[in-house]
Amino acid sequence: MSSSADSKKSSGGALLPILALLCAQLFTSSWHVLGKHVMHQVPYLTPISYVLIRTFVSSLSLLLVGIIHEGRVPFPPLFRDGTSSSSREQAGLMKPPSSSGTSSASIESGNSVGLSLSLSNSANSLNGVSNGSKKVHEPQSISSPSSHRKRRHHHRPRRKKRRSQTFKQYVSMISRSIILSIWMALRNILFAFNFYWQQKDRLNPETVQIIFAGLSGMLILPTCYTTGLILTSPTVASVWDGPMIPLGCFFAAVTLGLEKRSTLHPFGQVGSLLLTVGGSIVVLLVDYLGGGHGMKGSDNGAKEINSNSEVDAHLQFIRGNMVLIGVVVAYSATALLQKRLNHYPPIQLTAWMFGIGHLGCLALLLLDSILGSRITGCSLGQALLQLHLAVTTSPTFRYGLLYSALLVGGACFSIGSYASSHLESSVITLFAATQPPITAVLEWIWEGKGLGWKKIGGMACVGLGMWLFTYIKRIENERIDGNHHHQKQHKNYSHSKEAQ
């Protein structure tokens with residue numbers, strides 16, 4: 001009775017995270033279609049600029065909601081306890097020694113150096129004032145105006161002509177100041193690096209995990225996704241942002257020892273994942289052959305003219321899929337790190353991650369400003385100008401930004417943080433496999449794209465693979481719970497027998 005009640009309780013407790021994950025995938029799948037339309041309204045906007053403002057809005061909104069709903073939780077320190085005393089000691093070494101002792105001794109002793117200097121200075125100043133007054137009145141009684149005029153004319157100092165600085169002197173002065181400032185900056189950076197390298201043993205691992213989760217999930221993931229969405233189509237982006245993620249996350253979790261393969265049905269577990277990915281690949285190929293890559297069909301009389309454009313479109317499609325591989329890696333890393341950080345409040349944890357992603361985006365744009373836009377193709381000044389132009393001229397971008405920052409970004413990642421305390425990482429990422437079917441249905445509703453029996457077959461494979469994977473997981477968990485229950489009963493029986 002107790003085991004059945006526990007199983008019902010666990011299934012009931014897992015129902016709410018499952019429903020929340022389904023809602024999150026609905027928001028994400030809708031953005032596959034809406035995001036393509038929003039980014040087409042501002043073609044001059046680079047993906048890194050969009051990520052910059054999205055992370056900023058998501059971080060502020062989630063931090064405010066988290067403080068109201070969960071109470072204020074301080075961000076964990078970068079170093080463990082004991083670093084504050086060492087930093088104080090190092091700061092104390094920078095002060096001149098025995099400065100306070102000498103000052104107190106000089107105050108206590110009346111014949112101190114400072115006191116004698118002040119008395120002598122005050123006496124000299126009084127004598128100087130009296131002598132000066134006498135000197136002021138004496139010339140008025142002795143000297144005449146003519147002699148005073150001659151004397152002034154005779155002792156008038158000659159003004160030296162100022163030499164105008166040449167262009168070379170200005171250049172040398174400016175270059176000297178620039179070199180000195182660069183040298184100071186490099187020295188400070190080296191000093192900070194050496195200091196933190198000495199404190200590496202005291203690093204807080206949870207803070208490092210939050211930083212890596214923010215950089216991977218809030219900076220790398222949306223940048224790769226937005227770039228791939230622009231280069232490909234919503235369906236292709238949903239395939240990489242969907243079923244490819246649970247496959248990568250499962251193998252990463254098993255390889256790192258965070259999760260174990262099923263002992264009852266090991267081949268069935270892997271086969272269900274492959275079936276899900278196979279169905280997604282079918283949807284991908286159907287969308288590619290149907291022109292979902294963005295290539296336009298050419299007439300028979302213009303094949304030679306449009307051959308180069310078709311080759312460029314094929315290369316663009318390949319580059320987009322290569323970029324979308326980063327989505328799988330970043331999302332899997334974020335899901336695994338969120339599982340380790342499930343004891344933090346989910347909303348504020350997501351807000352911290354978005355804030356770290358925003359700071360990482362700022363640092364990347366600053367570095368790219370120095371390197372001449374070789375990394376992201378955009379500097380910080382260009383990104384700010386692009387965002388100002390997009391926000392002030394495009395209402396579609398404003399509404400799309402709010403939808404993406406609050407629902408697609410903030411709500412979905414908060415749901416993922418909440419579900420990580422109830423479900424395993426592979427199960428959470430498995431719900432991403434519902435994105436291609438949902439996206440295809442939304443394209444059919446909003447854009448009038450046909451489904452066809454091939455897409456429907458791929459969707460059926462995705463659904464069947466998800467059901468098999470969750471079924472095997474449920475059987476495995478029930479077996480583990482049953483073994484724990486039997487061990488507990490055996491211990492209670494042995495204790496009662498010893499008591500008798």
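The model shown is predicted, which means the values in this text are computed figures rather than measured ones. (Residues numbered from 1 in each chain as written. Predicted model: local features only at pLDDT ≥ 70, side-chain atom pairs only at ≥ 80, totals over all residues. Heavy atoms only, no water.)

Some details on the overall build of the chain
Inference 1: Summing up its helical and strand segments, the chain has 18 helices and zero strands in all.
Inference 2: A separation threshold of at least 6 residues defines the contact pool for the chain, and within that pool the share at least 24 residues apart is 86%.
Inference 3: With an accessible surface of roughly 30,700 Å², the chain has 65% of that area assigned to carbon and sulfur atoms. (Helix = DSSP H or I, 4+ residues; strand = E, 2+ residues; numbered from the N terminus. Contact = heavy atoms within 4.5 Å. Areas by Shrake-Rupley, 256 points an atom, 1.4 Å probe, with all protein chains shown as cover.)

Some thoughts on the packing of aromatic side chains
Inference 1: Overall, the coordinates contain seven aromatic pairs when judged by the stated rule.
Inference 2: Taking 6.5 Å as the distance between ring centres and 15 degrees as the angle between the ring planes, the aromatic pair formed by W31 and Y50 counts as stacked. Of this pair, W31 sits in helix α1 (residues 2–41) while Y50 sits in helix α2 (residues 47–70), and the two are 19 residues apart along the sequence.
Inference 3: Taking relative accessible area as the criterion, Y50 reaches 2% and is therefore assigned buried.
Inference 4: Ring geometry for W31 versus Y403: centroids 6.3 Å apart, planes at 35 degrees, classification tilted. Highlighted residues: W31 in helix α1 and Y403 in helix α15 (residues 395–419), separated in sequence by 372 residues.
Inference 5: With a relative accessible area of 6%, W31 lands in the buried category. (Phe/Tyr/Trp six-rings, centres within 6.5 Å; stacked < 30°, edge-to-face > 60°. Buried < 20%, exposed > 50% of the residue type's maximum accessible area, 1.4 Å probe, protein only.)

Section: a nonpolar patch on the surface
Inference 1: Taken together, Y170, M173, I174, I178, I182, L186 and I189 make up a surface patch of nonpolar side chains, about 680 Å² in accessible area.
Inference 2: The topology assignment puts I174 in helix α7 (residues 167–198). (Patch = residues over 30% accessible without salt bridge, like charges linked within 9 Å, V, L, I, M, F, W, Y side chains within 5 Å. Salt bridge = Lys/Arg side-chain N within 4 Å of Asp/Glu carboxyl O.)

Notes on the packing of helix α13 (residues 346–371) against α15
For any two helices packed against each other, one specifies the crossing angle of their axes together with the interaxial distance.
Inference 1: Orientation of α13 relative to α15, taken along the N-to-C sense of each, is 125 degrees, at an axis distance of 8 Å. It follows from the interaxial angle that α13 and α15 lie oblique. Regarding α13 and α15, the two cross each other, and that crossing is right-handed. In contact with P346, I347, L349, T350 and F354 of α13, α15 contributes G409, G410, F413, S414, S417 and Y418.
Inference 2: Split by residue class, the contact of α13 with α15 holds six nonpolar, five polar and no charged. (Axes fitted to C-alpha atoms, helices over the stretch in contact; angles between N-to-C directions. Parallel < 35°, antiparallel > 145°, perpendicular 65-115°, else oblique. Left-handed = near helix turned anticlockwise from the far one by under 90°. Nonpolar A, V, L, I, M, F, W, Y, C, P; charged D, E, K, R; others polar.)

What about the nonpolar core?
Inference 1: Formed by 44 residues in total, the largest nonpolar core has its most connected members in L45, Y50, V327, L365 and F397.
Inference 2: Not counting chain neighbours up to four residues away, the residues in contact with V327 comprise L221, C224, Y225, W240, D241 and I245.
Inference 3: L62, L337, A351 and F413 belong to the second-largest nonpolar core, a separate cluster that totals 15 residues. (Core = buried A, V, L, I, M, F, W, Y, C linked by side-chain atoms within 4.5 Å.)

Some details on empty space enclosed by the protein
Inference 1: Within the structure shown, the criterion is met by two cavities of 30 Å³ or more.
Inference 2: Reported here for the largest cavity is a volume of approximately 360 Å³.
Inference 3: Forming the boundary of the largest cavity are 24 residues, of which T28, Y331, V408, C412 and F413 lie nearest the centre.
Inference 4: Residue assignment for the lining of the largest cavity shows that the elements contributing at least two residues are α1, α8 (205–231), α12 (303–340), α15 and α16 (425–430).
Inference 5: Split into classes, the residues belonging to the lining of the largest cavity amount to 13 nonpolar, eight polar and three charged.
Inference 6: Size it by volume and the second largest cavity reaches roughly 30 Å³.
Inference 7: Residue lining of the second largest cavity: W31, G35, M39, Y50, Y225, T226 and L229, and that is the complete set.
Inference 8: If you list the elements that add at least two residues to the lining of the second largest cavity, you get α1 and α8.
Inference 9: In terms of residue class, the lining of the second largest cavity is built from five nonpolar, two polar and no charged. (1 Å grid on protein atoms, 1.4 Å probe; cavity = no way out; pocket = protein on both sides within 12 Å on 5 of 7 lines; lining within 4 Å. Points joined across faces, edges and corners; volume = space filled by probe spheres on them.)

Points about the side chain of T207
Inference 1: With respect to the element layout, T207 can be found in helix α8.
Inference 2: For T207, the residues in contact, after removing those within four places along its chain, are F75, P76, P77 and L78.

Focus on the confidence of the model for the chain
It should be kept in mind that the predicted coordinates are not to be read in detail where pLDDT is low.
Inference 1: For the chain, the mean per-residue pLDDT works out to 74, and 71% of the residues sit at or above 70.
Inference 2: When the elements of the chain are averaged for pLDDT, helix α3 (residues 83–93) gives the smallest value, 41, and helix α14 (residues 380–393) the largest, 93.
Inference 3: Note on residues 1–11: pLDDT is under 50 here. Beyond four places in sequence and across chains, it has two contacts. (pLDDT = per-residue confidence, 0-100.)

Topic: α2
Inference 1: If you check α2, its first and last C-alpha atoms are 32 Å apart, about what 24 residues at 1.5 Å a residue would give, namely 34 Å.
Inference 2: Just beyond α2, the residue with positive phi is G71, at close to 85 degrees. (Expected span 1.5 Å × (residues − 1).)

Some points on the packing of α2 against α13
Inference 1: Here α2 crosses α13 at 155 degrees, and the two axes come no closer than 7 Å. In this view, α2 runs roughly antiparallel relative to α13, as classed from their interaxial angle. Crossing angle aside, the handedness with which α2 passes α13 is left-handed.
Inference 2: A per-class count over the contact of α2 with α13 returns 17 nonpolar, ten polar and one charged.

Some thoughts on the environment of H343
Inference 1: Considering the arrangement of structural elements, one finds H343 in the loop between α12 and α13.
Inference 2: Judged by its relative accessible area of 48%, H343 is partly exposed.
Inference 3: The spacing of H343 and S417 is 74 residues in sequence and 9.6 Å in space, taken between C-alpha atoms.
Inference 4: A polar contact of 3.1 Å, which involves the side chain of H343, links it to the side chain of E206. (Polar contact = N/O pair within 3.5 Å; in protein donor to acceptor, adjacent residues only side chain to side chain.)

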